[in-house]
Amino acid sequence: MEENDGFLSSLSLRNSSAPVPRPNQNDGLDGGKLFVDSSPSSSEDENDAVSLHSTSKRLDYMLQFLDRKLSVANVNVVDHISNINMSDASDTAHGSSSLPEFEAKGGGTGMFKVPVRAAVHPNRPPRLELRPQPLRETQIGCFLRTMVSTESQLWAGTECAVRVWNFKDLYSPAAEAGRGEGDSETAPFRESVCTSAVMCLVGDDGNRVVWSGHRDGKIRCWRMDSSSSSALVTAPFKEGLSWQAHRGPVLSLVISCYGDLWSGSEGGVIKIWPWEAIEKALSLTIEERHMSSLLVERSYIDPWTQVAVNGFTNVLTSDVRYLLSDSSSAKVWSAGYLSFALWDARTRELLKVFNTDGLNENRVDISSAQDLSVEFISGAKKDKTQSSFGFFQRSRNALMGAADAVRRVAVKGAFGDDNRRTEALVIAVDTMIWTGCTNGLLVQWDRNGNRMQEFHYHSSAVQCFCTFGLRIWVGYASGTVQVLDLDGNLLGGWVADNSPIIKIATGAGYVFTLANHGGICGWNITSPGPLDSIVRSELAGKEFLYTRIENLKILTGTWNVGQGRASQDSLISWLGSVASDVGIVVVGLQEVEMGAGFLAMSAAKETVSLEGSSVGQWWLDMIGKTLDEGSTFERVGSRQLAGLLIAMWVRHNLKAHVGDVDAAAVPCGFGRAIGNKGAVGLRIRLYDRIMCFVNCHFAAHLEAVNRRNADFDHVYRTMTFSRPNFLNCAAASASSAVQMLRGTNAIGNNSVEGMPELSEADMVIFLGDFNYRLDGISYDEARDFVSQRCFDWLRERDQLRVEMAAGNVFQGMREADITFPPTYKFERHQAGLAGYDSGEKKRIPAWCDRILHRDSRSALVSECCLECPVVSSISQYEASMDVTDSDHKPVRCIFTLDIARVDESIRRQELGDILESNGKLKCMLEELCRIPETIVSTNKIILQIQDTSILRITNKSGQKDALFEIICEGQSIIKEDGHASDHCPRGSFGFPRWLQVTPAAGIIRPDHIAEVSVHHEEHQTLEEFVDGVPQNCWCENTRDKEVILVVKVHGRYSNNTKSHRVCVRHCCSAKTKQSDPPEHNTRQTQGTALHRSNFQHLSSSYDVVHHLWSMNSP
């Protein structure tokens, strides 16, 4: 009675089931600046209404739970009384109104085992459903394609806008108003005005903006503050700045450690947008907005102009798919599918080009390039020279690129490089760079571009990376997520989704994964770990609070039409007369069209992904007319293979819950290649449960039992579903590797590798002309038994029942008891039982046309719940004996379904409550997220020209690693009175160009010290670029400057940080230096001062003299 106890204890829930309020982090806005939030503020009344609605739903689900328990108790009492008086052998799920069923042997094992379902999946960590998987049909034109996190928000880019979630709303109930299709249970979010498709995102916490790159070549800037108001506000927010950055799509964005914005596009194009121009544009007022776009648009720097002309050819022609900033060594990585380029972030010079094997790209002697160098004197001369020079250079690059491609194919084979294409790129906290390949290979590189080692844990394509603390998260095209340590050791992995994982981001203690279908899940940052089992147990114990039971009826029909056409009256008799109270209608037809010529043409069309015929369309139109298509029902899918046709209609009020329609076809005739025999299928997601419907036509003739069994086995094992052609491009555009996926990844829940796709469905219905006959009986005997309606005796001779009882076919499936006459074979247009075949062959009547099914019930669970989510019963199973248009009679079956589904909005709130109220969890989290104690050697550094100072960071924790990151909080000019003006941050807390901090991030082992080089780099000449070419030069301000460095320290699992502030002042005169206390003086770089060029991994500075341990922070 633990479940009942849990229910009773839940009655003491607090009055409002909304999560504990969290502090509002919205910042004030400056009305005179470029970014203005014109949306109204959130209302307490709106919050109360949402909370009240959420509480009401919980009460409804608890009442449903009580009703189910009482119903089960009543059924048990009735069964006990019945067992005393009589033996009842029927197996029903919905009481006396359901028909008794016969179950085939062989179910429950192997590929016929019911898929594992549970309130919380047992084979993966519990997850936060930020955005539950939407139906594919609701996402056309607005799929989520990319994602990035900031300190307080999660941003996602769609094919038509950007949207943002505030972390303080993670556990809030879904807003009822203003949400589009597919977001009814999504956590509260805000969406922008309509834009071109978003290709990439990058966050800038320093200036509280997010940059987005778009398919139309524009870069747009979004203010975090303008999107952080209440998600109950439905008004879309607008960008504050945008400009035309590229002619082609913006494929990648990154902010360097000096605050510059780098963007990559097609054909190897890279542009650098200097922070100075961006800062000026952002400071403009509303009245000056028209100037801001032009100001930034013409300020870009083309780094290729600084590269020798006869240089690296392969990377010049490769699309810049990925950009990555290495702040530890002040470098920027750019990458295409097959090559990499390494750039100096400060000087913007190209350092190295190499391929995926780690080999440096061939480079022609640059002396010839120097002969062609041009000194730019006047603007007109410069433009003309550069234009002609650029034309010849691009022509040469194209020719050399083509020759290089030929060489690659000759050396590695046509597909050799494709399997090793780079699909993802990330930098870890230990400054190592990781790349993922199409063949699943994980490659580790050092920060100088040297290939270190490789790992291969999964055969599917790598799609994305994310690092947090000492872990690396990998997302694969199969939907699998793996977690590695920094040495490449596999810590754990699980099937995270039924679709490719295309993006990963971290924030608020979660690792968020974006799947190709648009769903976003959050995984605890400690997973896999000790917290998983506690959360899983707690969440499963509250199943009744977020479980909703849906009820509906499905009408299925099968008819071998014998190449004929039906009258409207026949279709009404078969389908129209019983469709008034069903939600879904599925129809399977056989022999719609036959003949050698038609079969050959059909086979040819299948090879080029074409299907259908004019006769098939006639049937679809006629059945649609019978079902009042358009007004009452809507056809959602169909599939034709030669003479086989299956189609589905859904009632309008149910359409919002039906989607992800996929189709399949399996030929079984003439060497498994021709569709005269075979199967066609449809697969849907209904209330988040997978339903498969398969229309079959198996081998004919009395003696062909084994061939029929083999046909079923072939269909069951090989049926592979795929999405409609018009959806392929829209839903699989995230990566080249996505299109290589097996069909199961489109919809199957947590598919097990090697298992048939039909095995993964929650319910499977087979219908069709199975062609099983009656054994051991003559034509006359069969006619006599039929006329006397002695169907029990005939069923004992039914080949299908015999084979099912032996476990040879349709293993584990069920069929209602047959109470109608055999449906084959009849004379056309002859009514009554006298119409059985009376010709020369006198074929023995048989039940060729059948409908069988399998739901979620197993030997252990039969009550509808999240563990057994689909429970069906049959209320009608009959043939339309009055229809005479074919030699077969049409058969229909009405299923009554109970479907258990999760209200993700409520479960999300329950998860928040568990994390908030469970004392054991809170203690474990506090311990795991504890920040190690650290000290820094100084809080003030003074540098003169070319000076270097060593900043030492000491980890005083004896057990925990300390992870640090150094950012620049801002720069200011020293006034004449010696005081600093306001500190203004650069992009993403970047460093000023005169300062080098190496390494700017790393790990400090327990009781160890990290040495950080703080170096002044002479940088007295500043250049202004226009259209990628330097125009004006001037000397840098020679006044003293000051920056505030912030050393942010956190533990391996903590999002929170402890900060040490270090003031670094650049003094242009020696007088200023001498006036400071001697203990703060800097010294010229000597033996212990490490330059960036020879500073190796941070571990090389771990073994520092032990007496430094006792240093005190000033």
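These numbers come from a predicted model, not from an experiment. (Residues numbered from 1 in each chain as written. Predicted model: local features only at pLDDT ≥ 70, side-chain atom pairs only at ≥ 80, totals over all residues. Heavy atoms only, no water.)

Helix and strand counts for the protein chain come out as 21 helices and 51 strands. The proportion of buried residues among the 1114 residues of the protein chain is 57%. Relative to all contacts within the protein chain whose residues are 6 or more apart in sequence, the contacts with residues 24 or more apart total 69%. (Helix = DSSP H or I, 4+ residues; strand = E, 2+ residues; numbered from the N terminus. Buried < 20%, exposed > 50% of the residue type's maximum accessible area, 1.4 Å probe, protein only. Contact = heavy atoms within 4.5 Å.)

Right, let's get into the nonpolar core. Taken as a class, soluble globular proteins show a tendency for nonpolar side chains to be buried jointly. Judged by nonpolar contacts, the single largest core of 49 residues is most densely connected at Ile584, Ile684, Leu686, Met691, Phe693, Tyr877 and Leu897. When residues in this core are grouped by element, the largest group, 5 residues, is from strand 40 (residues 891–902). The residues contacting Leu686, other than those within four sequence positions of it, are Leu552, Ile584, Leu654, His657, Val658, Met691 and Ile899. Among the nonpolar cores identified, the runner-up in size contains 43 residues, and Trp262, Ile953, Phe991 and Ile1004 belong to it. (Core = buried A, V, L, I, M, F, W, Y, C linked by side-chain atoms within 4.5 Å.)

On to the packing of helix 8 (residues 531–541) against helix 19 (residues 904–917), then. Between helix 8 and helix 19, whose axes approach to 10 Å, the crossing angle comes to 130°. One finds that helix 8 runs oblique with respect to helix 19. The element helix 8 and its partner helix 19 pack so that their crossing is right-handed. For the pair formed by helix 8 and helix 19, the contact residues are Val535, Glu538 and Leu539 on the first element and Arg907, Glu910, Leu911, Ile914 and Leu915 on the second. Tallied by class, residues from the contact of helix 8 with helix 19 come to 5 nonpolar, no polar and 3 charged. (Axes fitted to C-alpha atoms, helices over the stretch in contact; angles between N-to-C directions. Parallel < 35°, antiparallel > 145°, perpendicular 65-115°, else oblique. Left-handed = near helix turned anticlockwise from the far one by under 90°. Nonpolar A, V, L, I, M, F, W, Y, C, P; charged D, E, K, R; others polar.)

Burial of strand 32 (residues 644–651) is extensive: 8 of the 8 residues sit out of reach of the surface. Neither face of strand 32 is left uncovered, since the one carrying Leu644, Ile646, Met648 and Val650 and the one carrying Leu645, Ala647, Trp649 and Arg651 both have all their residues buried. Bridge count for strand 31 (residues 633–641) against strand 32 is 8 bridges, and the pairing is antiparallel. Note that in strand 32 the partner of Arg639 across the bridge is Ile646. In sequence, strand 31 turns back onto strand 32 through a hairpin of 2 residues, with Ala642 there showing a positive phi of about 55°. (Pairing = 2+ DSSP bridges.)

Mean pLDDT over the protein chain works out to 81, with 76% of the residues at or above the 70 mark. Predicted confidence for residues 363–389 stays below pLDDT 50, and this span has 21 contacts to residues more than four positions away or in other chains. Note that pLDDT drops below 50 for residues 1070–1114; the model gives that stretch 84 contacts with residues more than four away or on any other chain. (pLDDT = per-residue confidence, 0-100.)

We now examine the pattern of salt bridges. Applying the stated rule across the entire model yields 48 salt bridges. A salt bridge links Asp817 to Arg801; the nearest nitrogen and oxygen atoms lie 3.8 Å apart. Here the residue Asp817 occupies a position in the loop between strand 37 (814–816) and strand 38 (849–854), and Arg801 occupies one in helix 18 (residues 799–805), the gap between them amounting to 16 residues. The salt bridge involving Glu878 is made with Arg892; its shortest N-O contact spans 2.6 Å. Pair noted here: Glu878 is in strand 39 (residues 870–879) and Arg892 is in strand 40, with a separation of 14 residues, a long-range link. (Salt bridge = Lys/Arg side-chain N within 4 Å of Asp/Glu carboxyl O.)

Turning next to the packing of aromatic side chains. Considering all chains together, one arrives at 37 aromatic pairs under this definition. Consider the rings of Trp494 and Trp523, whose centres lie 5.4 Å apart with planes at 50°: the pair is tilted. You can see Trp494 sitting in strand 25 (residues 490–495) and its partner Trp523 sitting in strand 28 (residues 520–524), a full 29 residues away along the chain. We note that Trp494, like Trp523, is buried. Members of the aromatic cluster, joined through ring pairs, are Phe112, Phe698, Phe712, Tyr716, Phe766, Phe770 and Phe810. (Phe/Tyr/Trp six-rings, centres within 6.5 Å; stacked < 30°, edge-to-face > 60°.)

In sheet architecture, strand pairing relies on hydrogen bonds along the backbone and comes in two forms, parallel and antiparallel. Taken together, the 5 strands give an open sheet; going across it, the order is 42-51-50-44-46, and neighbouring strands pair in mixed fashion. Among the strands making up the open sheet, the edge pair consists of strand 42 (940–943) and strand 46 (1001–1004). The mean inter-strand angle of the sheet, taken between neighbouring strand axes irrespective of direction, is 25°.

The next thing to look at is helix 16 (residues 779–787). Of all the residues in helix 16, the buried ones are Tyr779, Ala782 and Val786. All buried residues of helix 16 project into a common sector of 65° when viewed along the axis, lining one side. Check the buried side of helix 16 and you find it contacts helix 17 (791–795). Positive backbone phi, approximately 55°, marks Arg789, located one or two places after helix 16. (Arc of directions from axis to C-beta.)

Mapping Ser873 onto the fold places it in strand 39. For Ser873, a relative accessible area of 2% translates into the label buried.

Of all 5 residues in strand 5 (residues 162–166), 5 are buried, a share of seventy percent or more. Of the two faces of strand 5, the one lined by Val162, Val164 and Asn166 and the one lined by Arg163 and Trp165 are each fully buried. Here strand 4 (residues 153–158) pairs with strand 5 via 5 bridges, running antiparallel. Its bridge partner being in strand 5, Ala156 is matched across the sheet by Arg163. Between strand 4 and strand 5, which pair antiparallel one after the other, the connecting turn spans 3 residues. As judged from the 2 bridges shared by strand 5 and strand 6 (residues 190–191), these two strands associate in the antiparallel manner.

Next up on the list: the sheet that holds strand 19 (residues 433–437). With antiparallel pairing, 4 strands are arranged side by side in an open sheet as 18-19-20-21. Of all strands in the sheet, those with a lone pairing partner are strand 18 (422–427) and strand 21 (451–456), marking the two edges. Neighbour to neighbour, the strand axes of the sheet diverge by 20° on average, direction disregarded. In this structure, strand 18 lies alongside strand 19, joined through 5 bridges in antiparallel fashion. Directly across from Ala424, in strand 19, lies its bridge partner Gly436.

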